[in-house]
Amino acid sequence: MNRSLIAAFISTSLMISIPFAQANELSFAHVETVGVSELAVQADMAEINVEVSVKALTAQDAKSSSDTAVAKFVSRLKKAGIAQDNIESANLNLQPQYRYEKNKPAELIGYSANRRVTVTVHELSRLNEILDSALEEGINRVNNIALKTSKETEYMNKARSAAINDAKQKAQFLAEGFDETLDGVWEIRYFDQGPIQPVMLRMNAGPSHDVAQSYQQGQVTIRDRVEVVYKLK
């Protein structure tokens, strides 16, 4: 029996719109199944994205203020034991600022400078400490906090295995229910899916130890899906 294996790596948003067009045109008896799985695992690390945004009368002053804030924050992170490969600082985004009034030419009133810093935190218990240090060094925006798991590959493999077993069980159950016998896999369609990482915004509420504890209660959802065509005897 001819077998074909089609691996299509597309985004989750596109996945649902792809029908089993080719399988529906098969001329022999077959059964189609979709195996799905979902694992909710405890987050044990996070990726935070913070930003310094400043305005000044001159481009040089705006750049200098943003660079200083980022340099101080990065220096503080390194002293706290955060490795350089866990710190990414974006390039400067410098924009002129204008005042617009009706029937008048635009008036230059200054410049805005923005720089972002992304930090991977491997100990969630230190997350609040790092956020506070960012604010103390002049970082004035916390864009998002994405919770993650350090065992992503392991959990994704488990989710994939569970999705495969789900497809197998459904196919076997359907075949037996209609007094048929499976004759092996004819086609497999797999759509790679990444973990769903909850994004938390930091809020100033309650004692700092309560805030730190709240970050450690998040979960990461690992999902997988596989579509299979079985030939019937």
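Located above this text is the structure these notes cover.
These lines cover the structure that appears in this document, whether it is placed above or below. (Residues numbered from 1 in each chain as written. Predicted model: local features only at pLDDT ≥ 70, side-chain atom pairs only at ≥ 80, totals over all residues. Heavy atoms only, no water.)

### A few points about helix H5 (residues 152-177)
Applicable threshold: Numbering goes from the N terminus for both helices and strands, where a helix is a DSSP run of H or I of at least four residues and a strand is a run of E of at least two. Under the convention used throughout, the expected extent of a helix is 1.5 Å for every residue step, that is, one less than its residue count. Throughout, a residue-residue contact means that at least one pair of heavy atoms, one from each residue, lies within 4.5 Å.
Over its 26 residues, H5 extends 37 Å from the first C-alpha to the last, a length consistent with the 38 Å expected when each residue adds 1.5 Å. For H5, the elements touching its buried residues are strand E2 (30-42), strand E8 (182-190) and strand E10 (219-232). Asp179, located one to two residues past H5, shows a positive phi value of around 55°.

### Description of unusual backbone geometry
Worth spelling out the cut-off: Burial status follows relative accessibility: with a 1.4 Å probe on protein chains alone, a residue under 20% of its type maximum counts as buried, one over 50% as exposed, and anything between as partly exposed.
Unusually for a residue other than glycine, Asn103 sits at a positive phi of about 65°. Inspection of the secondary structure assignment puts Asn103 in the loop between strand E5 (93-99) and strand E6 (107-121). With a relative accessible area of 75%, Asn103 lands in the exposed category. A positive phi angle is found at Asp179, which is not glycine, with a value near 55°. Note on placement: Asp179 falls in the loop between H5 and E8. The exposure class assigned to Asp179 is exposed, which follows from its relative accessible area of 72%.

### Some thoughts on a nonpolar patch on the surface
The condition that has to hold: The patch calculation keeps residues exceeding 30% relative accessible area without a salt bridge and links them within 9 Å when they carry like charges or within 5 Å when they are nonpolar (Val, Leu, Ile, Met, Phe, Trp, Tyr). Each accessible area value is a Shrake-Rupley result obtained with a 1.4 Å probe; residue values ignore everything except the protein chains displayed when judging cover. Counted as salt bridges are all cases of a side-chain nitrogen of Lys or Arg within 4 Å of a carboxyl oxygen of Asp or Glu.
On the surface, a nonpolar cluster with roughly 360 Å² of combined accessible area is contributed by Tyr98, Tyr100 and Leu108. Its place among the elements puts Tyr98 in strand E5. Overall, the relative accessible area of 39% leaves Tyr98 in the partly exposed class.

### Some thoughts on the nonpolar core
Here is the rule we go by: Buried Ala, Val, Leu, Ile, Met, Phe, Trp, Tyr and Cys residues form a nonpolar core when they are joined through side-chain atoms within 4.5 Å.
Counting 33 residues, the largest nonpolar core has Phe73, Val119 and Leu127 as its most contacted members. Elements that contribute at least two residues to this core include exactly strand E3 (45-56), helix H3 (59-79), E6, helix H4 (127-136), strand E7 (141-148), H5 and E10. If you look at the next biggest cluster of nonpolar residues, it comprises 11 residues, including Val31, Tyr190, Val228 and Leu232.

### Some words on the pairing of E6
Filter applied, for reference: Here, a strand pair is defined by DSSP locating no fewer than two bridges between the strands.
For E3 and E6, the ladder comprises 11 bridges, and the chain directions are antiparallel. By the bridge assignment, Val50 is partnered in E6 with Val117. One ladder, built from three bridges, connects strand E4 (residues 87-89) with E6; its direction is antiparallel. Across the sheet, residue Glu88 finds its bridge partner in E6, namely Thr118. Two strands pair when backbone bridges link them, and E5 and E6 are joined in this way by seven bridges, in the antiparallel orientation. By the bridge assignment, Tyr98 is partnered in E6 with Leu108.

### Concerning the pattern of salt bridges
Inspection of every chain in the model, using the stated rule, returns 17 salt bridges. Put simply, Lys148 and Glu47 hold a salt bridge, and the shortest N to O gap is 3.2 Å. Of this pair, Lys148 sits in strand E7 while Glu47 sits in strand E3; the two residues are 101 residues apart in sequence, bridging distant segments of the chain. According to the relative accessible area criterion, Glu47 is partly exposed, its value standing at 28%. For Lys63, the salt bridge identified is with Asp67, shortest N-O distance 2.6 Å. Placement of both Lys63 and Asp67 in helix H3 is noted, with a separation of four residues, approximately one turn of the helix. Using a relative accessible area of 34% as the deciding quantity, one classes Lys63 as partly exposed. Taken together, the salt bridges that share partners define one network made up of Glu51, Arg116 and Arg141.

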